[in-house]
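# Overview (structure and organization)
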Amino acid sequence: MSDQPLIAAIEMGGTKIVCGIGTGPHDLRSVHRIETTTPEETLEAASRWLSKMKIEYGHFASLGIGTFGPVDLNPNSEAYGFITTTPKPGWQQTDIVTFFKNRFRVPVGFDTDVNAAVLAEYLWGAGQGMDPVVYITVGTGVGGGVLVNGQLLHGAMHPEIGHLSVPPPKNSYAVQRECQCPFHRSCVEGYVSGTSIAKRWGVRADMLPFEHPAWEELADVMGHALMNLCLTLSPKRIILGGGVMEQPQVIPLIRAKLMHHLNGYLLIPQVGREIDQFIVSPGLGARSGLLGSLALGRIALDQKLNLQS
Ligand code: ZN
């Protein structure tokens, strides 16, 4: 058992939310999954589980939440702590932070699920010692978090890497070429999210065989996205997670496409002989989002303690 404070964590995804309680990656005491339905039902279910954990393990000192978005992260904004303009039905303008603050009266850390994931990977996973570091998830949707100078990148809002504009993928087999994003004519998520793949090819991504042309198309799109990130953020490492990235052939294909698109422009080992260490899988597997949420809770607690001292 650890002498670190007990922290509660919630990773909110579009299809499920994962709650956990513990002190860190080696002391995650309990984890619980809840299906994402309406905000009322889902938040209530998470709150009930956390109350149960309080009885079982004692008071938790803070709570961290990493969520699907977009979200408002500006502490001076009236909508701070809200999920804002999400296309997910029923979840627009949902105040997440106030709900949990009112329930548990503890400091609440709040960020995007992908910023949470990049934070966890930086602290404990494949991003250790790598700054700047980028984490991208390709699952139901596509999102990305960025950490620079030890801090999560926010700015005017937060990175929305899934909607980077990319050229339409080159693939003569494509049965349906249209980008599936309702907002953009040609963006990453519109081509390679699990949802888009299923719509474009009529088959779920995890059912597509190794040799299916969809994989080359996906690698082409991701190669463009990663090139843009290399050219703007100059990351030391890019971590690719999410269900669609679990196919073993995908990451090597993406590395090759990234080098192809860069066309020798960047003369650095990361996009040459060391590319296998530059574009990598998450070190924490599917746990980065939850552990990052825990880390957000820890940061919120530290900030409160600093203010008091
Ligand atoms: Zn888009």
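As the structure is a computational prediction, the values presented were derived from the model and not from experiment. (Residues numbered from 1 in each chain as written. Predicted model: local features only at pLDDT ≥ 70, side-chain atom pairs only at ≥ 80, totals over all residues. Heavy atoms only, no water.)

### With respect to the overall build of the protein
A tally of helices and strands in the protein yields nine helices and twelve strands. Since a compact globule built from 309 residues should have a radius of gyration of about 19 Å, the 19 Å found for the protein is in line with a globular shape. Projected onto the principal axes, the alpha-carbon positions of the protein cover approximately 60 × 40 × 35 Å. Among the 309 residues that make up the protein, the fraction classed as buried is 54%. Contacts in the protein between residues far apart in sequence, at least 24 positions, make up 63% of those at least 6 positions apart. Looking at the protein as shown, the accessible area adds up to about 14,400 Å², and 53% of this sits on carbon and sulfur atoms. Separation between the mean location of the 24 positive side-chain charges and that of the 27 negative ones in the protein comes to 1 Å. (Helix = DSSP H or I, 4+ residues; strand = E, 2+ residues; numbered from the N terminus. Rg over C-alpha atoms; globule rule 2.2 N^0.38 Å. Buried < 20%, exposed > 50% of the residue type's maximum accessible area, 1.4 Å probe, protein only. Contact = heavy atoms within 4.5 Å. Areas by Shrake-Rupley, 256 points an atom, 1.4 Å probe, with all protein chains shown as cover. Lys, Arg positive; Asp, Glu negative; His and termini not counted. Charge placed at Lys NZ, Arg CZ, Asp CG, Glu CD.)

### Overview of the sheet that holds strand 10 (residues 151–152)
Read from one edge of the open sheet, five strands run 10-9-8-11-12, paired in mixed fashion. Because the sheet does not close on itself, it has two edges, and the strands there are strand 10 and strand 12 (279–280). (Pairing = 2+ DSSP bridges.)

### Looking at the side chain of Thr86
With respect to the helices, strands and loops of the structure, Thr86 is situated in the loop between strand 5 (82–83) and strand 6 (94–95). Among the polar contacts made by the side chain of Thr86, one reaches the main-chain amide nitrogen of Lys88 at a distance of 3.0 Å. (Polar contact = N/O pair within 3.5 Å; in protein donor to acceptor, adjacent residues only side chain to side chain.)

### Observations concerning the coordination of the zinc ion
Each angle at a metal carrying four tetrahedral donors should ideally be 109.5 degrees, and each at a metal carrying six octahedral donors should ideally be 90 or 180 degrees. Only His163 (ND1), Cys181 (SG), His184 (ND1) and Cys187 (SG) from the protein reach the zinc ion as donors, at distances of 2.1 to 2.4 Å. Classification of the site at the zinc ion rests on its four donor atoms, whose angles at the metal span 101 to 121 degrees, yielding the label tetrahedral. One chain supplies every donor to the zinc ion, and in sequence these donors are spaced H-x17-C-x2-H-x2-C. Here the residue His163 occupies a position in the loop between strand 10 and helix 4 (188–192), and Cys187 occupies one in the loop between strand 10 and helix 4, the gap between them amounting to 24 residues. Residue classification places His163 among the partly exposed residues on the basis of a relative accessible area of 22%. (Donors = N, O, S within 2.8 Å, 3.2 Å for Na, K, Ca; no water. Tetrahedral: all angles 85-135°; square planar, octahedral: opposite > 155°, others 65-115°.)

### Quick notes on the sheet that holds strand 2 (residues 16–24)
Reading across the sheet, the five strands line up as 3-2-1-4-7 and stay open at both edges, with mixed pairing between neighbours. Every interior strand has two partners, whereas the edge strands, strand 3 (27–35) and strand 7 (108–112), have only one. Between one strand axis and the next, the sheet turns through 15 degrees on average, direction left out of account. Two strands pair when backbone bridges link them, and strand 2 and strand 3 are joined in this way by eight bridges, in the antiparallel orientation. From the neighbouring strand, Gly22 faces strand 3, where its bridge partner is Leu28. The strands touched by helix 2 (residues 96–104) within the sheet are strand 1 (7–12), strand 4 (62–67) and strand 7, with strand 7 carrying the most contacts at an inclination of about 160 degrees. (Axes fitted to C-alpha atoms, helices over the stretch in contact; angles between N-to-C directions.)

### What to know about the pairing of strand 7
Among the five residues in strand 7, five count as buried, and that is most of the element. With five bridges connecting them, strand 4 and strand 7 associate as parallel partners. Across the sheet, residue Ile65 finds its bridge partner in strand 7, namely Phe110.

### Here we look at the domain arrangement of the protein
The domain boundaries assigned to the protein delineate domain 1 (7–113 + 286–308) and domain 2 (126–281). The partner domain 2 presents seven residues to the eight residues of domain 1 that form the contact. Summing the contributions of domain 1 and of domain 2, the shared interface buries around 610 Å²; its carbon and sulfur component is 64%. Our enumeration of links across domain 1 and domain 2 arrives at zero salt bridges. Looking at the side of domain 1 that touches domain 2, the elements that each hand over two or more residues are strand 7 and helix 9 (288–308). Partitioned by chemical class, the residues of the side of domain 1 that touches domain 2 number four nonpolar, three polar and one charged. (Domains from an automatic or database assignment. Buried area = accessible area lost by both parts, 1.4 Å probe. Salt bridge = Lys/Arg side-chain N within 4 Å of Asp/Glu carboxyl O. Nonpolar A, V, L, I, M, F, W, Y, C, P; charged D, E, K, R; others polar.)

### Considering the nonpolar core
In globular proteins that are soluble, nonpolar side chains generally tend to be buried together. By size, the foremost hydrophobic cluster in this structure holds 41 residues, and its most contacted members are Ile136, Leu218, Met222, Leu240 and Leu258. Within the residue set of this core, elements represented by two or more residues are strand 8 (133–138), strand 9 (142–148), helix 4, helix 5 (194–201), helix 6 (213–233), strand 11 (237–241), helix 7 (250–262) and helix 8 (275–278). If you tally residues by element for this core, the top one is helix 6, at eleven residues. When residues no more than four places from it in sequence are discounted, the contact partners of Ile136 are Val142, Gly143, Gly144, Ile161, Met222, Leu226, Leu229, Ile238, Ile239, Leu240 and Gly241. (Core = buried A, V, L, I, M, F, W, Y, C linked by side-chain atoms within 4.5 Å.)

### Thoughts on helix 9
Here helix 9 contains 21 residues, and its C-alpha end-to-end distance of 30 Å stays within 8% of the 30 Å for a straight helix at 1.5 Å per residue. Along helix 9, the residues that are buried comprise Ser288, Gly289, Leu290, Leu291, Gly292, Ser293, Leu294, Ala295, Leu296, Gly297, Ala300 and Leu301. (Expected span 1.5 Å × (residues − 1).)

### A closer look at unusual backbone geometry
Of all residues except glycine, most have a negative phi; of all peptide bonds, most are trans. A cis geometry characterises the amide bond from Gly69 onward to Pro70, with omega recorded as 0 degrees. Note on placement: Pro70 falls in the loop between strand 4 and strand 5. Across the junction of Asp131 and Pro132, the peptide omega takes the value 5 degrees, indicating a cis bond. Structurally, the position occupied by Pro132 is in the loop between helix 3 (113–124) and strand 8. Residue Ser234 is not a glycine yet carries a positive backbone phi of 50 degrees. When you line up the elements, Ser234 lands in the loop between helix 6 and strand 11. Look at Ser234 and you get exposed, because its relative accessible area is 52%. The phi dihedral of Asn263 falls on the positive side, at around 55 degrees, and the residue is not glycine.

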